[in-house]
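Listed below, chain by chain, are the residues.
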Amino acid sequence: MGLFDMFKKKNKQITFIENAGGVIITKSIYEGTSKLKWLFREESVNPSDNGWRAMGDTDTQEYIDNPENSMVVDFNILVNIEPAVLAVYDMPIGTDLEICFDNTGRYFIDTNTGKRI
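Owing to the predicted nature of the structure, the values given are computational and were not obtained by experimental measurement.

Can you help me understand the overall build of the chain in this one?
Across its full length, the chain holds 4 helices and 6 strands. Along the chain direction, N to C, the helices and strands of the chain fall in the order α-β-α-β-β-α-β-α-β-β. Computed over the C-alpha atoms, the radius of gyration of the chain is 14 Å, within 12% of the 13 Å expected from 2.2 N^0.38 for a compact globule of 117 residues. On the principal axes, the C-alpha backbone points of the chain span a range of 35 × 30 × 30 Å. Counting every atom, the chain has about 7,100 Å² of accessible surface; 52% of that belongs to carbon and sulfur.

Okay, structure coming up:
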């Protein structure tokens, strides 16, 4: 069992970045019914918003369009759900990423450039 799995199992949240700000995620990611698939950063809507938005692999357009299916959580909660996002926290506004999983592990593809991150 890995470090992240151990803490998730005990329902403990680790704070990786102090004052990381809020991120909008779909409830399916938070509830574990989908895995993170899309992560993008836009202009913040208020001082506590860091601009990151996350959607899951099973989220349909209809699901995403319903505001009741989104929620604001501290960025650290998203990191506890999917640790790979910690590596991209400082990327600029306009970043648009797809997370991929294969035999080499987890990595992001920059959808603007097609490059692996």
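I keep staring at the confidence of the model for the chain and nothing clicks. Help me out?
Confidence in the prediction for the chain averages 91 pLDDT; 91% of positions are at 70 or higher. In this model, residues 6-10 is a region of pLDDT below 50 whose contacts with residues beyond four sequence positions or in other chains number 6 contacts.

Help me understand the packing of aromatic side chains in this model?
Each pair of aromatic rings is reported with the distance of its centres and the angle of its planes. Enumeration over the complete set of coordinates arrives at 1 aromatic pair. Residue placement shows Lys35 over the ring face of Phe101; its charged tip is 5.8 Å from the ring centre. Seen from the ring of Tyr107, Arg116 lies directly overhead, with NZ or CZ sitting 3.6 Å from the centre.

Any chance you could explain unusual backbone geometry here in plain terms?
Backbone geometry follows two general trends: most residues other than glycine have a negative phi, and most peptide bonds adopt the trans configuration. For Asn19, which is not glycine, the phi dihedral falls at a positive 55°. Residue class for Asn19 comes out exposed when judged on its relative accessible area of 75%.

Any chance you could explain the nonpolar core here in plain terms?
Membership of the largest hydrophobic core comes to 19 residues, with the highest contact counts inside it found for Leu39, Trp52, Phe75, Leu78 and Val85. Contributing elements (two or more residues each) for this core: strand 1 (22-26), strand 2 (36-41), strand 3 (49-56), helix 4 (75-81) and strand 5 (96-102). Examining the composition of this core, we find that 3 residues originate from one element, helix 4, more than from any other. What Val85 contacts, discounting residues up to four positions off in sequence, is Leu36, Leu39, Phe75, Leu78, Val79 and Phe108.

Rules and cut-offs
- Residues numbered from 1 in each chain as written.
- Predicted model: local features only at pLDDT ≥ 70, side-chain atom pairs only at ≥ 80, totals over all residues.
- Heavy atoms only, no water.
- Helix = DSSP H or I, 4+ residues; strand = E, 2+ residues; numbered from the N terminus.
- Rg over C-alpha atoms; globule rule 2.2 N^0.38 Å.
- Areas by Shrake-Rupley, 256 points an atom, 1.4 Å probe, with all protein chains shown as cover.
- pLDDT = per-residue confidence, 0-100.
- Contact = heavy atoms within 4.5 Å.
- Phe/Tyr/Trp six-rings, centres within 6.5 Å; stacked < 30°, edge-to-face > 60°.
- Lys NZ or Arg CZ within 6 Å of the ring centre and 35° of its normal.
- Buried < 20%, exposed > 50% of the residue type's maximum accessible area, 1.4 Å probe, protein only.
- Core = buried A, V, L, I, M, F, W, Y, C linked by side-chain atoms within 4.5 Å.

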